[in-house]
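Structural characterization, general
In case you want the letters, here they are:
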Amino acid sequence: MKLGIFGDVHGNLPALKAVYEQLKKEQCNKIVCTGDIVGYGPFPGECIDFMIERKIDSVCGNHDEYTLIGYLGAEVNEIAGDVIDWTRDVLHHRHLKWLAELPKKMTIAGCDFVHASHVPTKKWFYIVDQKSAEKNFEYQQSEISFNGHTHVPVIATHVPGMPVRMTKLKDGIVCGGDKFMINVGSVGQPRDKNSKACCVTFDTKTKELKVIRVKYDQTPVLDLMKELGFSKYLQNRLKKGK
Ligand SMILES: [Fe+2]
């Protein structure tokens, strides 16, 4: 089975459309999302409708959860918090219902999907380095798992008795370890100094991974952010991909 995987859409409809069309061209049998459909971006309802109409399965991200239940006590800065509050106000009941039904974890074709990690903490754990990746592998049971959350596409590899390795995500065959955590980057707000939307394909039989960057027109997103008075910081972040 060829999986198309993306995540961290963050209310960026043009980027979501571009990634979806690309994954269809790649002839993926199943398209899966690693969460954070809303937050930061100005098209949250449109993105949810796009996911509903195409029956794209997703796990729940931290921004999806904060939109539903609030973010009191969470590490959310003012800029992100303002957009979460705005998002909750503009979403319809059907959007909130869809968000509320998102699972924290999914397993498809033997692969696990989570937003942040397998670490059973109430906080959304960030896998950013060897130490945090090691912590994840203490709890990850499956051989292959996909996540998002950091908006940086990387692969962490676990080999028993060896230090965990974390490297930039590249095309190739996943091998040489017993467990892998693959971060699929971000569709709507990449943070790896590449403003193009990010997604991957994974062949569950051959274990071949392909990383795809998709160029899309940011003008409608930036224009609407400006019109809605979203922080300039968020606009610049989108333009620069960091
Ligand atoms: Fe995110």
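The text that follows walks through the structure, step by step, so that each part is easy to find. Predicted model, so just to flag it, every value in this text is computed and none were measured. (Residues numbered from 1 in each chain as written. Predicted model: local features only at pLDDT ≥ 70, side-chain atom pairs only at ≥ 80, totals over all residues.)

**Section: the overall build of the chain**
The helix and strand inventory of the chain stands at eight helices and 12 strands. Relative to its length of 242 residues, the chain is compact, with a C-alpha radius of gyration of 17 Å against a globular reference of 18 Å. Along the first, second and third principal axes, the C-alpha atoms of the chain reach 50 × 40 × 30 Å. When each of the 242 residues of the chain is scored for burial, the buried share is 44%. In the chain, once contacts between residues fewer than 6 apart in sequence are set aside, the share between residues at least 24 apart is 72%. (Helix = DSSP H or I, 4+ residues; strand = E, 2+ residues; numbered from the N terminus. Rg over C-alpha atoms; globule rule 2.2 N^0.38 Å. Buried ≥ 20, exposed ≤ 12 C-beta atoms within 10 Å, placed from the backbone. Contact = placed C-beta atoms within 7 Å.)

**So, the sheet that holds strand S2 (residues 30-33)**
A sheet is described by the order of its strands in space; here six strands give the open sequence S3-S2-S1-S11-S12-S9, paired in mixed fashion. The open sheet has two free edges, formed respectively by strand S3 (57-58) and strand S9 (172-173), since each of these has just one partner strand. As paired elements, strand S11 (residues 197-203) and strand S12 (residues 208-214) share six bridges and run antiparallel to each other. Note that in S12 the partner of Cys199 across the bridge is Ile212. Packing of helix H1 (residues 13-25) onto the sheet brings it into contact with strand S1 (2-6), S2, S11 and S12, and relative to S11 it is tilted by some 25°. (Pairing = 2+ DSSP bridges. Axes fitted to C-alpha atoms, helices over the stretch in contact; angles between N-to-C directions.)

**Let's talk about the sheet that holds strand S8 (residues 165-168)**
In a beta sheet, neighbouring strands are held together by backbone hydrogen bonds and run either parallel or antiparallel to one another. Here six strands make up an open sheet; going across it, the order is S4-S5-S6-S10-S7-S8 and the pairing mixed. Two strands close off the open sheet at either side, each with one partner strand: strand S4 (105-108) and S8. Shown here is a sheet whose adjacent strand axes are inclined to one another by a mean of 20°, direction ignored. Where S4 and strand S5 (residues 111-114) come together, four bridges link them in antiparallel fashion. Looking at S5, one finds that Ile108 is bridged to Cys111. Against the sheet, helix H6 (residues 130-139) engages strand S7 (154-158), S8 and strand S10 (179-183), with an angle of about 120° to S10.

**Observations concerning unusual backbone geometry**
Within the chain, His149 stands out as a residue other than glycine whose phi angle is a positive 80°. His149 sits in the buried class, given 24 other C-beta atoms within 10 Å. Residues other than glycine seldom take positive phi values, yet His151 does so here, at roughly 70°. Within the secondary structure, His151 is located in the loop between strand S6 (144-147) and S7.

**Some thoughts on the pairing of S10**
With respect to burial, S10 is a largely interior element, four of its five residues being buried. Pairing geometry for S6 and S10, over four bridges, is parallel. Across the sheet, residue Phe146 finds its bridge partner in S10, namely Ile182. Looking at chain direction, S7 and S10 are connected through four bridges and run antiparallel.

**So, the pairing of S11**
The element S11 is largely enclosed, with a buried count of six among its seven residues. Where S1 meets S11, four bridges bridge the pair, whose relative direction is antiparallel. Counterpart to Gly4 in the pairing with S11 is Thr201. Counting the residues between successive antiparallel strands, the hairpin from S11 to S12 contains four residues, one of them, Lys207, with a positive phi of roughly 60°.

**Remarks on the packing of helix H3 (residues 62-69) against helix H5 (residues 93-100)**
Taken N-terminus to C-terminus, the directions of H3 and H5 make an angle of 125°; their axes are 10 Å apart at the nearest point. The angle between H3 and H5 falls in the class oblique. Crossing geometry of H3 relative to H5 is assigned as left-handed. Here Asp64, Thr67 and Leu68 of H3 lie close against H5, whose contacting residues are Leu96, Leu99 and Ala100. Residue composition of the contact of H3 with H5, grouped by class: four nonpolar, one polar and one charged. (Parallel < 35°, antiparallel > 145°, perpendicular 65-115°, else oblique. Left-handed = near helix turned anticlockwise from the far one by under 90°. Nonpolar A, V, L, I, M, F, W, Y, C, P; charged D, E, K, R; others polar.)

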